[in-house]
Amino acid sequence: MTVTSPELDPRTTALLVLDLQQGVLASLPGPEEQEALLSRVAGAAAGLRAHGAAVVHVRLGFTEADWAAIPAANPTFSLIGRGRLLHHEDPGTDFHPRVAPEPGDLVVRKTRVGALSTTDLDRRLRERGITTLVVAGLTTGGAVLSTVADAADRDYRLHVLSDGVADPDPHLHRTLVGGVFPRTAHVVDTAGLLSLLRASR
């Protein structure tokens, strides 16, 4: 099944910028790829703001209480807890300056992979009347995949920016963008997204 692209109404649309943090960006192969991704996402964010859409910045970061609350049965996050990794005040968890939040943007800190499960983001979006999400950021097989699946179950209309997401594993990235995401989301590149916004006027 391929999802038909709905018209984008900026008043009910939010761009989710996932995990574009200094430490997570380091997982990409080289500075050229990092810079290209940052440039495209920054352009998408600027375009959406200019049309009146919301921009949401989501980052992974932990407090002492968050570490203590991670159960030993969680294989990924128990390692983070035991190692006291990704403290929310560590510079490695900061947003990259190229895509730093601007006045009026929403900022969310999470403690699991997806943007919705351990945050109040769903409530905040619904309070603003947001029904459509545009998903960008890192990584395609991590936060992007988890957020898209969760948001689809919550009945959001979804767009995934094909050139605004990336993963250290190029094969996994291609499989998700080309074969998995189109089942629940409209996959569009940043140029296509801006065209949809212009058509909404």
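Calculation rules
- Here the residue numbering is sequential within each chain, running from 1 through the sequence in written order.
- Since the coordinates come from a predicted model, pLDDT governs what is reported: local features require at least 70, and pairs of side-chain atoms require 80 or more to be given and counted, while whole-chain, interface and lining totals use all residues.
- As a convention, hydrogens and water are excluded, and side-chain values are obtained from all of the structure's heavy atoms.
- For two strands to count as paired, DSSP must find a minimum of two bridges between them.
- The helix count covers DSSP runs of H or I at least four residues long, the strand count covers runs of E at least two residues long, and both are numbered beginning at the N terminus.
- The angle between two axes is taken between their N-to-C directions and runs from 0 to 180 degrees, where each axis is a line fitted to C-alpha atoms and a helix contributes only its stretch in contact.
- We call two residues contacting when some pair of their heavy atoms lies within 4.5 Å.
- Buried means the residue's accessible area, taken with a 1.4 Å probe over protein chains only, is under 20% of the maximum for its type, while exposed means over 50%, and partly exposed covers the values in between.
- Aromatic pairing here means that ring centres of Phe, Tyr or Trp (its six-membered ring) are within 6.5 Å. Orientation follows from the plane angle: under 30 degrees is stacked, over 60 is edge-to-face, and everything else is tilted.
- By definition, being over a ring means that NZ of Lys or CZ of Arg is both within 6 Å of the ring centre and within 35 degrees of the ring normal.

K.L.:
I'd like a description of the sheet that holds strand E5 (residues 157-166), backed by residues and values.
P.N.:
Sheet architecture is open: six strands sit in the order E3-E2-E1-E4-E5-E6, paired in parallel fashion. Two strands close off the open sheet at either side, each with one partner strand: strand E3 (106-110) and strand E6 (186-188). Here the strands of the sheet are splayed against their neighbours by 25° on average, with no regard to which way each runs. Relative to E6, E5 is paired through three bridges, and the arrangement is parallel. Pairing of Leu161 across the sheet is with Val188, part of E6. Relative to the sheet, helix H2 (residues 31-50) contacts strand E1 (13-18), strand E2 (54-60), strand E4 (132-138) and E5, its axis offset from that of E5 by approximately 145°.

K.L.:
Account for the pairing of E3, naming residues and giving values.
P.N.:
With burial as the criterion, only one face of E3 is covered, namely that bearing Leu106, Val108 and Lys110; the residues Val107 and Arg109 on the opposite face remain uncovered. Pairing geometry for E2 and E3, over five bridges, is parallel. Following the sheet pairing, His57 is matched in E3 by Val107.

K.L.:
Please set out the packing of aromatic side chains residue by residue, giving values where relevant.
P.N.:
In total, this model carries one aromatic pair according to the counting rule given. Seen from the ring of Phe77, Arg112 lies directly overhead, with NZ or CZ sitting 5.1 Å from the centre.

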